[in-house]
Amino acid sequence: MKRKAQSQAVGHKPAKKKSKKTSLSDEEAKKRFRKGLFDKDILDKYTQGYAKSTPYKHSVIHELIDDTLLRSVREEIKDNVSFTPKETDIYKIHQSGDLANLDGLDDEALARLPSLLALRDAVYSQAFRDYVAHITGCGPLSGRKTDMAINVYTPGCYLLCHDDVIGSRKVSYILYLTDPDIPWKAEWGGALRLFPVRTIKGKDGQVARTPAPDVSKVIPPAWNQLSFFAVQPGESFHDVEEVYHAESKEQLQKEGGRVRMAISGWFHIPQVGEAGYVEGAEEKQAKNSGLMQLQGNPDQYDMPQLKPVPVEQPQSGSQEEFDEADLEFLLKYMAPTYLTPDTLEQISEEFEEEASITLPNLLGKKFAKKLRDYVAAQDSAPLPEDATEIEKGAWRVAKPPHKHRYLYLQPDNAAASKKNGKSKKEDSPIRELLEEFLPSPQFRRWLQMATDSVIESHDFVARRFRRGKDYTLATGHEGKPRLELSLGITPTSGWGDEDEEEEEEAAAEEESAEDTKANGKGKGKAKPKAETSKKNKNSKKEPEEEEEEEEEEVEVGGHEVYMAGDDDAANEDAAVYKSSGEDDNILFFQAAAWNKMSLVLRDSGTLKFVKYVSHKAPGDRWDITGSFEVEEGDDNDDDDDNEGDGDGEAGKAEGTGVLDDTEEEWNGFSSSEDSDSD
């Protein structure tokens, strides 16, 4: 994992004098490890086990450090180290910062961390570096370049799939400091999980390597346990399983808060002046890593692949208004309020101003009920865990997992549908949306009027994000701006969208409007707006109710985020969005919801991701996404700079309560109540 946070020892004040690393003799270093660890038969045992391990070579050493020393390290961390909560597209975690390299601290701060310093010197001693190098066969390791951080996972925290390949890293390790007196249970989560790699030979004979969507090795945390592996491009893919929430606050306290604390870091290739240093080796390693990750063009095996369908443009002067047959078709799917001229004009004006809009209750009552019944039944039905078993049915698993993972359904090929002799509508209401309604000329014409655009092609995918499993990581796209649609069809509530009561009221009004229109009376007018998950601060509750609600509230993810990319921050996280009080880079945000469609005009500099869906979520996240290539207009107003400055109407940072961040430090050991914070 490449991300580092910023933190310091409590009460630390900057000082000029800094500590120098201590060069330990082999004898002194070995005293800091468990007795017998360096015996030849023990070393040979670990070396042989490493060579035979799968899915790629790794090792697990139990009781690595002298127990008294490690307990002292843990106490020092509890008393003196503060942590910053941090979130990106790929992780949710509490991190120490400057402690990633202890030489960054002055003597005053280090005086409070003598055991941690002793541990650092032992881990990077010549004796232990040789031990690790012997097991892995990776060659000499640097004792000068130390790279260690303290990471804390509380319930709801996780780290998604990645391979650790950056710069001069040679071996990745993690040393667990979980509660030594309350043994960690596997069902609490927090395991290090390894992904097997698929080797695919293309038609051109080139071989590509890409991680499979399912893990094949699970290593639960344990006190004083070290897990390590050689960092290998395109090979060493792993994640950290979510630490799962307890059933109750009482249970959590009994289990010590389920605090997964660990020291993790890397051994690097030798630096200038060290034995084994080779000039240019680091640059060569970086170049080779990049080439290995691109070998065989692995992107061609990403799933799903885009399948844009070109659309015929209407002839000049052709009718743009809807005739009776068009309206009859659209009314099978859409709420009638969205088909009035006033509503279309209102939507168009807001979209032109904000370049994004969210439309609640888009689907009409009859079709929405059929769809919801179907999705709710699917949502509650058991699913196989294995991707191979899932893909025996209609749904496929998005891959590779270091980019995304979810279940998806794409429109059937028309010829295949005819060959099977099956009506698309009979398949499912989801397929009806994918293959009948959304790609129809009628809906396309409505969309063009709503967004004042000319659509050149469309591409639709239905997605299901399983709780405790699925996500997409932040990506941009190349080329001209495009129009993107997301129709939320998540049947469960409790996803952080606090407008649910308003939606229910709107739905009731809509039913009344439909009945009125059916009788030929009334006009009916929608009130489209780009809603956010901001809480209603004006609502009044009794103190007991407020406290009870806060206790139960858990952020479960599943929200879709559009962010402005930062070209100047090449060495920083592109998708960090909860580590500071400023959310200016959030352009659009939408929680998982039912019958709610968002439209966003997205340029190539905008990142997009769907946050990992927590195991604590009320169900799976369902949606249908569409991507439309649009004809570039003559007027290019360059409104990008204004997208983050609105009044909160378009789901920007100011109106997204879930993204509000007080940047409070986490000190999970000082109070039992704090251990439940995430």
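Computed from a predicted model, the values in this text were never measured in an experiment. Numbering of residues starts from 1 in each chain and follows the order in which that chain's sequence is written. The predicted nature of this model means local features are confined to residues of pLDDT at least 70 and side-chain atom pairs, given and counted, to a pLDDT of 80 or more, with totals for whole chains, interfaces and linings taken over all residues. With hydrogens and water stripped out, all remaining heavy atoms of the structure feed into the side-chain values.

For this particular structure, what's the right way to read the sheet that holds strand β23 (residues 586-590)?
Sheet strands line up and pair through hydrogen bonds in the backbone, either parallel or antiparallel. Only when DSSP finds a minimum of two bridges between them are two strands counted as paired. Numbered from the N terminus, helices here are DSSP runs of H or I no shorter than four residues, and strands are runs of E no shorter than two. Strand order in the open sheet formed by 5 strands is β17-β20-β25-β22-β23, and the pairing between neighbours is antiparallel. Each of the sheet's edge strands pairs with one partner strand only, and the pair in question is β17 (404-405) and β23. Pairing of β17 with strand β20 (residues 471-475) involves 2 bridges; the strand directions are antiparallel. Bridge assignment links Arg-405 to a residue of β20, and that residue is Tyr-471.

What is the right way to look at the confidence of the model for the protein chain in this model?
Interpretation of the predicted coordinates at a detailed level should be avoided for regions scoring low in pLDDT. Confidence of the predictor at the level of single residues is captured by pLDDT, which takes values from 0 to 100. Averaged over every residue, the pLDDT of the protein chain is 81; residues scoring 70 or more account for 74%. Should any heavy atoms of two residues lie within 4.5 Å, those residues are considered in contact. A low-confidence stretch, residues 1-19 (pLDDT under 50), is modelled with 63 contacts involving residues beyond four sequence positions or located in other chains. Predicted confidence for residues 636-678 stays below pLDDT 50, and this span has 104 contacts to residues more than four positions away or in other chains.

Sorry if this is basic, but what is going on with the environment of Tyr-244 here?
Along the chain, Tyr-244 falls in the loop between β12 (238-240) and α7 (249-254). As for Tyr-244 and Pro-155, which are separated by 89 residues in sequence, their C-alpha atoms are 5.2 Å apart. Dropping the residues within four chain positions of it, Tyr-244 is found in contact with Pro-155, Glu-187, Trp-188, Gly-189, Arg-258 and His-615.

Got a minute to help me understand the environment of Ser-125 in this structure?
Position of Ser-125 relative to the elements: it lies in the loop between α5 (114-123) and α6 (126-136). What makes Ser-125 buried here is its relative accessible area of 4%. Linking Ser-125 and Glu-28, residues 97 residues apart in sequence, is a C-alpha distance of 9.6 Å. We call a residue buried when its accessible area falls under 20% of the maximum for its residue type, exposed when it is over 50%, and partly exposed in between, using a 1.4 Å probe and counting protein chains only.

What am I meant to see in the packing of aromatic side chains here?
The way to describe two aromatic rings as a pair is by their centre distance and the angle between their planes. Each Phe, Tyr or Trp ring (for Trp, its six-membered ring) is paired with any other whose centre lies within 6.5 Å, and the angle between the two planes then decides the class: stacked below 30 degrees, edge-to-face above 60, tilted in between. This model, assessed by the stated rule, comprises 22 aromatic pairs. Here Phe-128 and Tyr-131 contribute two aromatic rings whose centre-to-centre distance is 5.9 Å and whose plane-to-plane angle is 15°, an arrangement assigned as stacked. Of this pair, Phe-128 and Tyr-131 are both found in helix α6, 3 residues apart, which corresponds to roughly one turn of the helix. An angle of 45° between the planes, with centres 5.3 Å apart, marks the rings of Tyr-173 and Phe-267 as tilted. Separated by 94 residues along the polypeptide, Tyr-173 in strand β6 (residues 169-176) and Phe-267 in strand β13 (residues 260-268) bring together distant segments of the chain. The burial state of Tyr-173 is the same as that of Phe-267; both residues are buried.

It is not clear to me how a negative patch on the surface should be interpreted in this structure. Could you clarify?
Like charges are joined within 9 Å and nonpolar side chains (Val, Leu, Ile, Met, Phe, Trp, Tyr) within 5 Å, but only among residues with over 30% relative accessible area and no salt bridge; these make up the patches. Residue-level accessible areas treat just the shown protein chains as cover; the underlying method is Shrake-Rupley with a 1.4 Å probe. A side-chain nitrogen of Lys or Arg and a carboxyl oxygen of Asp or Glu constitute a salt bridge if their distance falls within 4 Å. The charge count includes Lys and Arg as positive and Asp and Glu as negative, but it does not include His or the ends of the chains. The atom standing in for a charge is NZ when the residue is Lys, CZ when it is Arg, CG when it is Asp and CD when it is Glu. On the surface, a cluster of negative charge is made up of Asp-342, Glu-345, Glu-349, Glu-352, Glu-353 and Asp-452. Tracing the backbone through its elements, the reader meets Glu-352 in helix α10 (residues 341-354).

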